[in-house]
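Notes for the structure review
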Amino acid sequence: GMISLDAYQKSFRNLPEGVKDAEVNAETHRLISVQIEQGKISGVKETSSVQIFVRVKCEHTGYAYTEDPEEDAAGLLKQAYENSLYSTEDPEPFSASEEIWSRDQEVPETIEELKQLAMNMDASIAAKIGTWKDQTECMLELTAETYGQHTVNRMGMDRGFTSPVYLLSVTLAGEDLAVKEERMSSDPEEFDLSGIAEA
């Protein structure tokens, strides 16, 4: 689900002197990747990352950034304030929107299901290559990502979502063939494999 920004909302109540306004935006990425080479699974990776961006409005705009969800919220706001002292950027007004656009969807598949999906896609591409199959190397990577975003600010904004994104990357290499194709979709059933391997 969405990353919690409660610690930041608490620290908004006690902003460093000189800070008129503050906003925090977090992005989360959870990825599962399956690689297939020559019809066999050659690798599976699972990774996750968080990026937190802080923006404060002082005389000028100050920014701070971390990839550590445990980072001290008050410390990061203070750092953004200190960075504003070297900034010449005029502060933008912050939005007071309180709507919560929460759409919490994650990648529903398990690793096993993604392996199966990738194998099916690989098989249908192999079928298209047909007689070229023996002279052509096929590498396929299917990545399922749950992408999340969450924004809070001192004006009362609190909104965010998580949603699934799928990325397919296919590389074909052969004597008369070098193709790299990428496809993106929010639903893996909807990948359009046409145009791949129709050399």
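A few points on the structure. Because the structure is predicted, anything quoted here is derived from the model rather than measured.

One open sheet holds the six strands; their spatial order is β3-β2-β1-β4-β5-β6, and the pairing between them is antiparallel. Edge positions in the open sheet fall to β3 (61-66) and β6 (177-185), since each of these has one partner strand only. Each strand of the sheet is rotated relative to its neighbour by a mean of 15 degrees, with strand direction disregarded. Pairing of strand β1 (residues 21-37) with strand β2 (residues 40-57), which is carried by 17 bridges, proceeds in the antiparallel orientation. Looking at β2, one finds that Asp-21 is bridged to Lys-57.

Going through the model one piece at a time under the given rule, you end up with two aromatic pairs. An angle of 45 degrees between the planes, with centres 5.1 Å apart, marks the rings of Phe-53 and Tyr-65 as tilted. Residue Phe-53 is located in strand β2, and its partner Tyr-65 is located in strand β3; the two are separated by 12 residues in the primary sequence. Since its relative accessible area comes to 33%, Phe-53 is described here as partly exposed. The residue whose ring lies beneath Lys-57 is Phe-94, and the NZ or CZ to ring-centre distance is 5.7 Å.

The terminal C-alpha atoms of helix α2 (residues 73-84), which comprises 12 residues, lie 17 Å apart, in line with the 16 Å expected from a rise of 1.5 Å per residue. Listed as buried for α2 are Ala-73, Leu-76, Leu-77, Ala-80 and Ser-84. Angular distribution of buried residues about the axis of α2 spans 100 degrees; they occupy a single face of the element. Elements in contact with the buried residues of α2: α1 (6-11), β1, β2 and β3.

Counting residues in hydrophobic clusters, the biggest one holds 23 residues, and the most contacted among them are Leu-114, Ile-125, Leu-140, Leu-142, Leu-168, Val-170 and Leu-172. Secondary-structure elements contributing two or more residues to this core are β1, α3 (111-129), β4 (137-153), β5 (158-174) and β6. At six residues, α3 tops the list of elements feeding residues into this core. Ignoring any residue separated from it by four or fewer positions in sequence, one finds Leu-140 in contact with Val-34, Gln-35, Ile-36, Ala-118, Met-121, Asp-122, Ile-125, Leu-168, Ser-169 and Val-170.

This part is about the side chain of Arg-183. You can see Arg-183 is positioned in strand β6. Side chain to side chain, Arg-183 and Glu-181 meet in a polar contact 2.9 Å long. Within the local environment of Arg-183, its side chain forms a polar contact with the backbone oxygen of Asp-192, the two atoms lying 2.7 Å apart. Those residues in contact with Arg-183, other than ones at most four positions away along the chain, are Tyr-166, Leu-167, Leu-168, Phe-191, Asp-192, Ser-194, Gly-195 and Ile-196.

On the secondary structure map, Thr-143 appears in strand β4. Judged by its relative accessible area of 10%, Thr-143 is buried. Contact partners of Thr-143, with chain neighbours within four places excluded, come to Leu-31, Ile-32, Ser-33, Val-165, Tyr-166 and Leu-167.

Cut-offs applied
Residues numbered from 1 in each chain as written. Predicted model: local features only at pLDDT ≥ 70, side-chain atom pairs only at ≥ 80, totals over all residues. Heavy atoms only, no water. Pairing = 2+ DSSP bridges. Helix = DSSP H or I, 4+ residues; strand = E, 2+ residues; numbered from the N terminus. Axes fitted to C-alpha atoms, helices over the stretch in contact; angles between N-to-C directions. Phe/Tyr/Trp six-rings, centres within 6.5 Å; stacked < 30°, edge-to-face > 60°. Buried < 20%, exposed > 50% of the residue type's maximum accessible area, 1.4 Å probe, protein only. Lys NZ or Arg CZ within 6 Å of the ring centre and 35° of its normal. Expected span 1.5 Å × (residues − 1). Arc of directions from axis to C-beta. Contact = heavy atoms within 4.5 Å. Core = buried A, V, L, I, M, F, W, Y, C linked by side-chain atoms within 4.5 Å. Polar contact = N/O pair within 3.5 Å; in protein donor to acceptor, adjacent residues only side chain to side chain.

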